[in-house]
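Chain residues, written in single-letter form:
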Number of protein chains: 2
Amino acid sequence: MKVYKYPTGSEWPGILSRPQYDYNNLEILVNHIFDEIKQTGDEAVRKYSLEFDNFLPDRFEVSDEEFHIAEEKVDQELKNAINIAKRNIEKFHANQIEQISKVEISTGIECWRKSVAIEKVGLYIPGGTAPLFSTVLMLGIPAKIAGCREIILCTPPGPSGEIPPSILFTARLIGIKRVFKVGGIQAIGAMAFGTKTIPGVYKIFGPGNQFVTQAKQIANKFGIPIDMPAGPSELMVAGDTFSVPEYIASDLLSQAEHGTDSQVIFVTWSENLIAPVLEQINLQLKKLPRKEMASASLDQSRIVLVRNKEEALLMINEYAPEHLILAVKDQEFFIENVINAGSVFIGNYSPESAGDYASGTNHTLPTNGFAKAYSGVSVDSFVKKITYQKISKMGLKKIGPVIEIMAGAEQLEAHKRAVSIRLENIKKN
Amino acid sequence: MKVYKYPTGSEWPGILSRPQYDYNNLEILVNHIFDEIKQTGDEAVRKYSLEFDNFLPDRFEVSDEEFHIAEEKVDQELKNAINIAKRNIEKFHANQIEQISKVEISTGIECWRKSVAIEKVGLYIPGGTAPLFSTVLMLGIPAKIAGCREIILCTPPGPSGEIPPSILFTARLIGIKRVFKVGGIQAIGAMAFGTKTIPGVYKIFGPGNQFVTQAKQIANKFGIPIDMPAGPSELMVAGDTFSVPEYIASDLLSQAEHGTDSQVIFVTWSENLIAPVLEQINLQLKKLPRKEMASASLDQSRIVLVRNKEEALLMINEYAPEHLILAVKDQEFFIENVINAGSVFIGNYSPESAGDYASGTNHTLPTNGFAKAYSGVSVDSFVKKITYQKISKMGLKKIGPVIEIMAGAEQLEAHKRAVSIRLENIKKN
C-alpha cells in the first residue's frame, strides 16, 4: 500500500482515482449475440452456452428434482446461517415499503402515489469458484417484498453442468421457483428479449464479469433498465485513536480478497496508526489462502494521512466509497455529514462482512463513485410509483383558471380547452 | 383515428405498437461533440452553439440584470397562476421525503437508511416555439425539496439570444440561481463533463429533441445518470357510459397537439360512445390553432372497443400508458388493478392538463411503455439512499458465527477472519 502524507488538493484526484476499464470493445460482440437471440431465441442461447460455458444442458430450467437434490447437499449449519441472514435482510427491507398517503392539495383536489411492483424481473448470479448464494438473498428478498409476480434467476452451470447447491437452496428458500442454467451475454440477452423457454423481463439485476456488465449496459440501451452500472468493489476506512489496527487491517484485507481490481483506501488523521496497520496487514496477509489476489489489490490501494477529521470527511465525500467503515471516535460527525457513500459501518464491531452477509442491509451497492448519484439495491429498485389525481367539479372550478392561463402561455390551446369545455358546462349547470 | 372492434389477442401488439425511432445514427455526432467538449471545454460549447443555434452569447450564464428584466416582462396574471401551481406541486412533493426509521435487527444490531440529496444536478429545458416554464416547476421543485446544493439549468436562447421571460421568472421564483443560455448536445455535454463556465453535474434531467435525447443516453454511458429514457408523449383514455364524449374528445386532442408523434388511444366497452366521441373530435379539431399537428398525431391514434372493463384493464397494463384517464363508473376497480401507468386521472373532472400544470403531481413521466419499470420524476429522483449499520460487541457476538459460516461457504476467508479476529478478542476480554 502506498502511503500519502498530508497530500495537497492537487494530489487528491490521483490518490482517489479508480482503475479505468473500457468495455466498449465488447459492444460489437454483445450486439451480435443479442441480434441472434432476437432472431433464433433458444437456438442462439444454446449455441453460446456451448461456446462460452462448454456445457449445454438438456433443458435450461432447473427441475424440481434438481432442487431437491441440492437441498439435501447443503449442510444444516449453513442452512441455519442462511435462514438467520434471510430473517435479518427481510426485517430491514420490509421497512422500505412506502404506504399510500393521500394529499388534499386543496378542496376537491386529491393526489397520491402508489408503489407497484415491477411485474417481471430477472436476477443474474455469476458463476466462478465461489457460490454467491448471499447475492441470491440480496436480490431475491427485496423482489419478493416488493411483490414482483415473476422472478427468474439465471446463473451459469459449472463444468459438470451443476448449479451450486447453496444457490438452489437459497433460491427455493426465498420463493424463487424458476432458475435457469445459463450465464454470460446469452443469459442477459435471453432475459432482455425472452425466448421460448426463458421469459423476458422488465428489469435486470445482479453482478457479473465484463461480458455480463457490458451486456446489461446494452440491454439498458434497448429500454430494459438495470439495477446500476457495475464496477470493482471498494472500501474506505476512516480511523483515529479510537481504531484497533488489527481490525482495520482485517477489513482492508477482506475487501482486497474480492479481486485484483478491488480498491481499499485507509484515511486517518492519527499518524501513529499507520505503522501498526501496515504491520497487521503483512501479518494477516500471510495466513490468507487468496493472498496473491489480495496482495495485487493492495498494490492499487492507499493509506492517506490527512490533517483532521474535517479533511477526512471531504475526502470521503469526494471519493464516494461503496463501503465506508467509520472506526472513529466522533461517529456522529461523520454520520451527520457523509453525503456520498453506499453503505456505512459504524464503530469497531461493524466489519464490512457483516453487511455483506447478515446485518440486514443490502450488499448490492454503487461502486466507482456512483454513490454520488445512485443508491444500493432496495425494495425501491423493484417497484415503480404511479401518481393519481382525482379532481371534483368544485376542485376544477378552483384550479381550472390557473391551468387555462398556464396552458395559454405555453401556447397549448387544446390543453387549455380541455379545461374550458368542462368549466363552461359546470357554469351552465 | 382508426377504430378496432373486439380485436383478438393476436391483433393487440399491432394496435398497441408505438412509433419506432432509431437515434443510433446520432451516436457518432454526439461522441464527436462530447470529445471536443472534454478537450476544449467552453470553446467547443461556443462553436456548437453558433453552429446549431445560430447564436453566441457574450456569456452563457444569465445575469442578474437579465433576470430582473424577465421578471418585469411576465404579466401579473401568469405570475399568480405559476405561484398557485408552485404551491400545489410543493405540497404534493413535500410528502415524498422519506424520514429515517431505525430498525433494531436484533439486540446490538441497528440498521437504517438515510435519503441524501444528489449534490449537483442539471436541468434541461428545451427551446422552441413555446416557453416550457411548467417543466421548470416540475424539475426544479423536487430538486429543491430534496435539498440539492447546486441546481443549474440549461436552455437554448431564441434567435435574438433571449431566454423566454417566463422561464427565467419561474427559475428564480423556485430558487434556481444559475441559468445558462446553451442548448442541444453541447448543453448536455457541458453538464456531463463540466467546462470553465458551466459546472459539471452528477445527474441530468429534462425533455428534449432527438439530439438532446441521444446526448443524454450517451452521457448515461459515461456514468452520468439521467431521469429516464425519452419517448413521444401519449395518453390512454378508458371510458364507458359514465363518460362525457365532449370531454374525452378534448383530452384526446390535448395530447395530440403535443406533436405529430404523440399517440392517443381511447379504449371503451360502450360501443355507443364511439360515434359521439369521433363527432366531437372533428368538431373541436376545427377550432384548434395547432390543428395540422393534432390531426397528424390522430392518424397514429386508435379507438378500441373491448368486451368489458376486465379486458380494458388488460389492455391498459399491456400498453403501460404515460397518462391514463379513467372516465369510468367503476373507478375503484381500475385504481386497484392498474399496475402499469405513469400518472392516472380519475373521473370526468380530472383532465390530463390538470396534471401537466397544477394539480400537484409531476408531469415528467415514463412514456413508450417504460411505465412497466420506471416511475415519473419525484423527490426520489433527486436523492440517493445511504444505508448504515451499527453493531455492538454483543451484537457481533451473536451474528458473528452466521457471517463466519456464510463467508466460509463462499470461500471468502478474509471476510470470515474480519469477524473471527474480533470474536477472539471479545472472548479474551
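Structure: above.
Residues numbered from 1 in each chain as written. Chains lettered and ligands numbered in written order. Predicted model: local features only at pLDDT ≥ 70, side-chain atom pairs only at ≥ 80, totals over all residues. Heavy atoms only, no water.

Can you walk me through the overall build of chain A in this structure?
When helices and strands are tallied, chain A shows 17 helices and 13 strands. Along the three orthogonal principal directions, the C-alpha set of chain A runs to about 90 × 60 × 45 Å. Per-residue burial over chain A gives 62% buried out of 429 residues. Pairs at least 24 residues apart make up 75% of the contacts formed inside chain A by residues separated by at least 6 positions. (Helix = DSSP H or I, 4+ residues; strand = E, 2+ residues; numbered from the N terminus. Buried < 20%, exposed > 50% of the residue type's maximum accessible area, 1.4 Å probe, protein only. Contact = heavy atoms within 4.5 Å.)

Would you explain empty space enclosed by the protein in this entry?
If a probe as big as a water molecule is rolled over the atoms, it shows which places are left empty. Here the structure, examined in full by the defined rule, presents 7 cavities of 30 Å³ or more. Its volume calculated, the largest cavity comes out at about 990 Å³. In terms of lining, the largest cavity is formed by 41 residues, of which the most central are Lys 203, Asp 227 and Tyr 374 of chain A together with Lys 203 and Tyr 374 of chain B. Of all the elements in the fold, those that place two or more residues in the lining of the largest cavity are α9 (210–221) and β13 (383–391) of chain A together with α9 (210–221) and β13 (383–391) of chain B. (1 Å grid on protein atoms, 1.4 Å probe; cavity = no way out; pocket = protein on both sides within 12 Å on 5 of 7 lines; lining within 4 Å. Points joined across faces, edges and corners; volume = space filled by probe spheres on them.)

What should I look at first to understand the interface of chain A and chain B in this one?
A common way to state how big an interface is: give the accessible area lost once the parts meet. Each side of the interface is counted separately: chain A has 118 residues, and chain B has 118 residues. Here chain A packs against chain B, burying approximately 10800 Å² in sum over the two surfaces, 58% of which is carbon and sulfur. When the area that chain A buries against chain B is broken down by residue, the three leading residues are Tyr 349, Glu 410 and Arg 422 of chain A, summing to 7%. On inspection of chain A and its partner chain B, the count reaches 8 salt bridges. Close ionic contact of Arg 422 of chain B with Asp 251 of chain A constitutes a salt bridge, the shortest N to O distance being 2.6 Å. Here chain A is connected to chain B by 79 residue pairs in polar contact (both at pLDDT 80 or more). Counted by class, the side of chain A that touches chain B contains 58 nonpolar, 32 polar and 28 charged residues. For β13 of chain A and strand β12 (residues 343–346) of chain B, the ladder comprises 4 bridges, and the chain directions are parallel. Bridged to Gln 389 of chain A within β12 of chain B is Phe 345 of chain B. (Buried area = accessible area lost by both parts, 1.4 Å probe. Salt bridge = Lys/Arg side-chain N within 4 Å of Asp/Glu carboxyl O. Polar contact = N/O pair within 3.5 Å; in protein donor to acceptor, adjacent residues only side chain to side chain. Nonpolar A, V, L, I, M, F, W, Y, C, P; charged D, E, K, R; others polar. Pairing = 2+ DSSP bridges.)

Got a minute to help me understand the relation of the copies chain A and chain B in this structure?
Related by rotation about an axis and a shift along that axis, the two copies of the chain form a pair. Mapping chain A onto chain B is achieved by rotating through 180° and translating by 0.0 Å along the same axis, at an RMSD of 0.0 Å. The symmetry that links the two subunits is that of a two-fold axis. The fraction of interface residues of chain A whose copies in chain B are also interface residues reaches 100%, indicating that both copies meet through the same surface. (Least-squares fit on C-alpha atoms with pLDDT ≥ 70 in both.)

Mind showing me how you'd approach the pattern of salt bridges here?
Pairing is possible between side chains of opposite charge, provided their charged atoms come close. Taken as a whole and assessed by the stated rule, the structure comprises 44 salt bridges over all chains. A salt bridge links Arg 149 of chain A to Glu 119 of chain A; the shortest N-O distance between them is 4.0 Å. Within this pair, whereas Arg 149 of chain A is found in the loop between α6 (133–146) and β5 (150–155), its partner Glu 119 of chain A is found in the loop between β3 (109–117) and β4 (120–124), the two being separated by 30 residues in sequence. The partner of Lys 181 of chain B in a salt bridge is Glu 66 of chain B, with the nearest N and O atoms 2.5 Å apart. Of the two residues, Lys 181 of chain B is situated in strand β6 (residues 178–181) and Glu 66 of chain B in helix α4 (residues 64–73); the sequence distance between them amounts to 115 residues. A relative accessible area of 8% places Lys 181 of chain B in the buried class. Members of the salt-bridge network, linked through shared partners, are Glu 27 and Lys 221 of chain A together with Glu 27 and Lys 221 of chain B.

What is the right way to look at the environment of Ile 174 of chain A in this model?
All names here are of chain A. With respect to the element layout, Ile 174 can be found in the loop between α7 (165–173) and β6 (178–181). Taking the C-alpha atoms as reference points, Ile 174 and Glu 90, separated by 84 residues in sequence, lie 10.0 Å from one another. Contacts of Ile 174, omitting those with residues within four sequence positions, involve Lys 86, Val 136, Leu 137, Gly 140, Ile 141 and Lys 144.

Where do I start with unusual backbone geometry in this structure?
Among all residues save glycine, negative phi is the norm, and among peptide bonds the norm is trans. Residue and element names in this part refer to chain B. Of note in this structure, Tyr 6 is not a glycine but carries a positive phi near 45°. With respect to the helices, strands and loops of the structure, Tyr 6 is situated in the loop between β1 (2–5) and α1 (12–15). Residues other than glycine seldom take positive phi values, yet Asn 368 does so here, at roughly 60°. Within the secondary structure layout, Asn 368 lies in the loop between α15 (352–357) and β13.

Looking at this structure, how should I read the sheet that holds β5 of chain A?
Pairing between the strands of a sheet comes from backbone hydrogen bonds, and it takes one of two forms, parallel or antiparallel. Residue and element names in this part refer to chain A. The strand order β6-β5-β4-β7 describes an open sheet built from 4 strands, whose pairing is parallel. Edge positions in the open sheet fall to β6 and β7 (203–205), since each of these has one partner strand only. Neighbour-to-neighbour, the strand axes of the sheet open up by a mean angle of 25°, direction not taken into account. Sheet topology note: the β4/β5 ladder contains 5 bridges and is parallel. By the bridge assignment for β5, Lys 120 is matched with Glu 150. (Axes fitted to C-alpha atoms, helices over the stretch in contact; angles between N-to-C directions.)

Just checking my understanding: could you explain the pairing of strand β5 (residues 150–155) of chain B for this structure?
A regular strand places its side chains so that they alternate between the two faces of the sheet. Residue and element names in this part refer to chain B. Counting buried residues along β5, 5 of its 6 residues qualify, which places the element largely inside the surrounding structure. Sheet analysis places β5 next to β6, joined by 4 bridges and oriented parallel. Counterpart to Ile 152 in the pairing with β6 is Arg 178.

Just checking my understanding: could you explain the packing of aromatic side chains for this structure?
Two numbers describe a pair of aromatic rings. These are the distance of the centres and the angle of the planes. Applying the stated criterion to the full structure yields 20 aromatic pairs over all chains. Here Tyr 247 of chain B and Tyr 349 of chain B contribute two aromatic rings whose centre-to-centre distance is 5.8 Å and whose plane-to-plane angle is 65°, an arrangement assigned as edge-to-face. Remark: Tyr 349 of chain B occurs in the loop between β12 and α15 and Tyr 247 of chain B occurs in helix α10 (residues 245–256); sequence separation between them is 102 residues. In this pair, the class of Tyr 247 of chain B matches that of Tyr 349 of chain B, namely buried. Through a chain of ring-to-ring contacts, three or more aromatic side chains come together here, namely Phe 34, Phe 193 and Phe 222 of chain A. Above the face of the Phe 333 of chain A ring, Lys 309 of chain A is positioned so that its terminal group lies 5.0 Å from the ring centre. (Phe/Tyr/Trp six-rings, centres within 6.5 Å; stacked < 30°, edge-to-face > 60°. Lys NZ or Arg CZ within 6 Å of the ring centre and 35° of its normal.)

Mind showing me how you'd approach the packing of helix α5 (residues 76–94) of chain B against helix α7 (residues 165–173) of chain B here?
How two helices pack is summed up by the angle between their axes together with the distance between the axes. Residue and element names in this part refer to chain B. Packing of α5 against α7 leaves a shortest axis separation of 11 Å and a crossing angle of 40°. Here α5 lies oblique to α7, going by the angle between them. The handedness of the crossing between α5 and α7 comes out as right-handed. Along its contact with α5, which presents Leu 78, Lys 79, Ile 82, Asn 83 and Lys 86, the element α7 presents Ser 166, Phe 169, Thr 170 and Leu 173. (Parallel < 35°, antiparallel > 145°, perpendicular 65-115°, else oblique. Left-handed = near helix turned anticlockwise from the far one by under 90°.)

How do you make sense of the side chain of Ser 134 of chain B when you look at a structure like this?
Along the chain, the position of Ser 134 of chain B falls in helix α6 (residues 133–146). With a relative accessible area of 2%, Ser 134 of chain B lands in the buried category. Ignoring anything within four residues of it in the chain, the contact list for Ser 134 of chain B reads Glu 410 of chain A together with Asp 356, Tyr 357 and His 363 of chain B.

In this structure, what is going on with the sheet that holds β1 of chain B? I would like to understand it.
The strand order β2(A)-β3(A)-β13(A)-β12(B)-β11(B)-β8(B)-β9(B)-β10(B)-β1(B) describes an open sheet built from 9 strands, whose pairing is mixed. Since the sheet does not close on itself, it has two edges, and those belong to β2 (103–106) of chain A together with β1 of chain B, each with one partner. Strand-to-strand twist across the sheet, computed as the mean angle between neighbouring axes with direction ignored, equals 20°. Bridging between β2 of chain A and β3 of chain A involves 3 bridges; their strand directions are antiparallel. Within β3 of chain A, the position partnered with Ser 106 of chain A by the bridge is Ile 109 of chain A. Where α5 of chain B meets the sheet, it contacts β2, β3 and β13 of chain A, and its direction lies at approximately 170° from that of β2 of chain A. Packing of helix α11 (residues 274–285) of chain B onto the sheet brings it into contact with β1, β9 (263–268) and β10 (302–305) of chain B, and relative to β10 of chain B it is tilted by some 170°.

Honestly, it's all geometry; don't read function into it.
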